[in-house]
Amino acid sequence: MFFIYGVEDTNFDPGYEPDWAVISTVKRDRVREHPPVKETSQWSFSLPLSELYSLRRSRFSLGRNFLVFTSRGGHPLPPLHFHRGGTRELLRALQRYIILAPSPVDGRLFLAYPHDSGALSQSFDELHLFDDGSSDLVSRFIQDPYATTFGGFSKVTNFFRGALRPPDSPFHPRGPQDHHGPHSADDEPGFELITCGVELGPKPDVTRGQPLDKWEEFLDPEGRVKDPQQIKELVFRGGITPSLRKDVWKFLLGFYPWNSTVKEREDILRMKTDEYFRMKVQWKSVSEEQEMRNSLLRGYRSLIERDVSRTDRHNTFFSGNDNPGLTLLNDVLMTYCMFNFDLGYVQGMSDLLAPLLFVTQNEVESFWCLTGFMEMVHQNFEESQEAMKQQLLQLSLLMKALDPELLDYLDSQDSGSLCFCFRWLLIWFKREFSFEDILSLWEVLWTRLPCENFHLLMAASILESQRGEFIGSDHDFNTILKHINELTMKLDLQTVLRGAEANYLQLACCKELPVKVQEVIGLYVPPSPDDETSPESESHETQQLLSQSQAGWVHGLTLLTPNPDSVVSNVFPLLNCPVLVIACPLEPLRF
């Protein structure tokens, strides 16, 4: 197997992209050595993949990716530059023939190893698990089980690495060429097998429903909502009829509990009204002289006045210079500063309040709906911006699973951080859709269905819809940012919602979905304490293992790994007997 790079052979069709290809060649028997890299000209070279020692993935400050290969003889190859993406595609192609293992100290350095598909036919003796040749495994295991387990089984970690993935796995394909012998643990210390993505099934077709247009029939005689989950599902599927929004929004945003009666809601409204005006009086009663000595309050007031003057002025409720809607917008935001001293007011919060005030047409109700909305998104406005960084990282994880080619292209243009999506996530697409669309979108997101990060799936849906604009284009960071900003008011909400739900269903159906992606879309369920092995059961299992070993049969083999989330079980033929391979939590055995 050779890696060939060049541009001079005009008759050669690489099949992947015009700069590189991995091709098959006739294998000749020869003494293993480290031949120098063959350079056929200034612009081309070839190297057997069996002689590839490492590769480093790097990029310039402007985002252009390049790879540097090093042979086993220590000869670095000329760097390969990728001006329009493609590094991940190359890694996927290479993984068809070799294993790439990242360095634990340098995330961009990978070591190359041949596939180990023939290793299962070898015996434990050939693996040299115990270098001292001692046959008294049982006594050593009893005296020091922890050290014995690590000392012996660490050497078969790499032996089973290839076997732990199914033969039909897209990340570890096997072919007739994969007949290389195992490597000792000394050859690859501290490395793990990498994958370049997950293989998803087809994206399902999704249809939207009709908006919720009845309300009274979902209430019992005392006014309680009989089935809140059914209401949420109907709202998620089709939104809410405008005439019902004022009532339903107050439940979605926590102003009223779902199980409250009509009488209880009257009491809640009375209590909340008193509380609101007590907080409003606090800032209203501050004199100009006091405010001169309160820079924090003075700063909030100035920022709010500036933002209110430019928030949704195209809407008749906020248009005009002396519009009472602007006064209400200002007063509610100032009162929120009294409600949440730690957060105060941050630019963008006026965008969240305006639709609430427009629908409720009530100062008190809009305030308490805002507090409920802020419970969901207040981390977006914290000064540290840690929540926003985390969401951008989660969006990147989703894109890596849904469309790795697009993410790789954006990364090659120094846009892999997806920072141009910041505004989308900060105020939940408020500037991207029309005012009426935002009313429909937010009520869908407030249901928190099918997961709390559905807004990230929406962002991924929008990016996927633009892949034709990006892939193969000459966009750079600035033009990508410009294009994303120009999407404002050009997106179809129902199309984006269908795409987001299809993304969720596509990911949810993937059986090999990485745990990190499962966490993003709310599918990961951590193991409960009841599932953990008790000391008694551990002792029983150990005694079973010892008795089986003394009988000359190895029915159970435990590989210790520090990843408590990884539980992989498979049965492999070895020594003509079944061997159970389990990746289990790192914990000393008890006797």
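In this report, we go over the structure that sits alongside the text. (Residues numbered from 1 in each chain as written. Predicted model: local features only at pLDDT ≥ 70, side-chain atom pairs only at ≥ 80, totals over all residues. Heavy atoms only, no water.)

1. Brief notes about the environment of Met458
1) Next: Along the chain, the position of Met458 falls in helix 18 (residues 454–465).
2) Next: Accessibility expressed as a relative area gives 0% for Met458, which makes it buried.
3) Next: Taking the C-alpha atoms as reference points, Met458 and Ala500, separated by 42 residues in sequence, lie 4.7 Å from one another. (Helix = DSSP H or I, 4+ residues; strand = E, 2+ residues; numbered from the N terminus. Buried < 20%, exposed > 50% of the residue type's maximum accessible area, 1.4 Å probe, protein only.)

2. So, the packing of aromatic side chains
1) Next: With the rule as written, the count across this model stands at 22 aromatic pairs.
2) Next: Pairing Phe339 with Phe367 gives two aromatic rings, centres 5.7 Å apart and planes at 90°, and the pair type is edge-to-face. Residue Phe339 is located in helix 11 (residues 324–339), and its partner Phe367 is located in helix 13 (residues 363–377); the two are separated by 28 residues in the primary sequence.
3) Next: Exposure remark for Phe367: the relative accessible area of 0% places this residue in the buried category.
4) Next: Judged by centre distance (5.4 Å) and plane angle (55°), the ring pair of Phe373 and Trp428 falls under tilted. Placement of Phe373 in helix 13 and of Trp428 in the loop between helix 16 (422–426) and helix 17 (435–446) is noted, with a sequence separation of 55 residues between them.
5) Next: Using a relative accessible area of 0% as the deciding quantity, one classes Phe373 as buried.
6) Next: The cationic tip of Arg208 hangs over the ring face of Phe236; the distance from NZ or CZ to the ring centre is 5.8 Å.
7) Next: The ring centre of Tyr256 lies 6.0 Å from the NZ or CZ of Arg265, which sits over that ring. (Phe/Tyr/Trp six-rings, centres within 6.5 Å; stacked < 30°, edge-to-face > 60°. Lys NZ or Arg CZ within 6 Å of the ring centre and 35° of its normal.)

3. Things to note about unusual backbone geometry
1) Next: Of note, the amide linkage connecting Leu449 to Pro450 takes the cis form, showing an omega dihedral of -10°.
2) Next: Along the chain, Pro450 turns up in the loop between helix 17 and helix 18.
3) Next: At Leu418, a residue that is not glycine, the phi angle is positive and equals roughly 60°.
4) Next: Tracing the backbone through its elements, the reader meets Leu418 in the loop between helix 15 (404–412) and helix 16.
5) Next: Overall, the relative accessible area of 0% leaves Leu418 in the buried class.

4. Notes on the nonpolar core
1) Next: Counting residues in each nonpolar core, the largest one holds 112 residues, and the members touching the most others are Leu418, Trp424, Leu441, Met458, Leu463 and Leu507.
2) Next: When residues no more than four places from it in sequence are discounted, the contact partners of Trp424 are Phe429, Glu432, Ala459, Ile462, Leu463, Ile484 and Leu487.
3) Next: Ranked by size, the runner-up nonpolar core spans 16 residues in total, among them Leu49, Leu77, Ile98 and Ala112. (Core = buried A, V, L, I, M, F, W, Y, C linked by side-chain atoms within 4.5 Å. Contact = heavy atoms within 4.5 Å.)

5. Here we look at the pairing of strand 8 (residues 98–102)
1) Next: With 5 of 5 residues buried, strand 8 lies mostly within the body of the structure.
2) Next: Alternating positions in strand 8 separate into two faces, Ile98, Leu100 and Pro102 on one and Ile99 and Ala101 on the other, with burial throughout.
3) Next: Across 5 bridges, strand 8 lies against strand 9 (residues 109–114) in antiparallel orientation. Following the sheet pairing, Pro102 is matched in strand 9 by Phe110. (Pairing = 2+ DSSP bridges.)

6. A look at the pattern of salt bridges
1) Next: In the structure shown here, the tally under the stated rule is 23 salt bridges.
2) Next: Here Lys280 and Glu363 are joined by a salt bridge, their closest N and O atoms 2.8 Å apart. With Lys280 in helix 8 (residues 262–284) and Glu363 in helix 13, this residue pair connects regions lying 83 residues apart in the sequence.
3) Next: Among the ionic pairs, Asp351 bridges to Arg431, the shortest N-O distance being 2.8 Å. Of the two residues, Asp351 sits in helix 12 (residues 349–360) while Arg431 sits in the loop between helix 16 and helix 17, which places them 80 residues apart along the sequence.
4) Next: Each of the salt bridges in this network shares a partner with another, and the network as a whole consists of Asp312, Asp351, Lys430 and Arg431. (Salt bridge = Lys/Arg side-chain N within 4 Å of Asp/Glu carboxyl O.)

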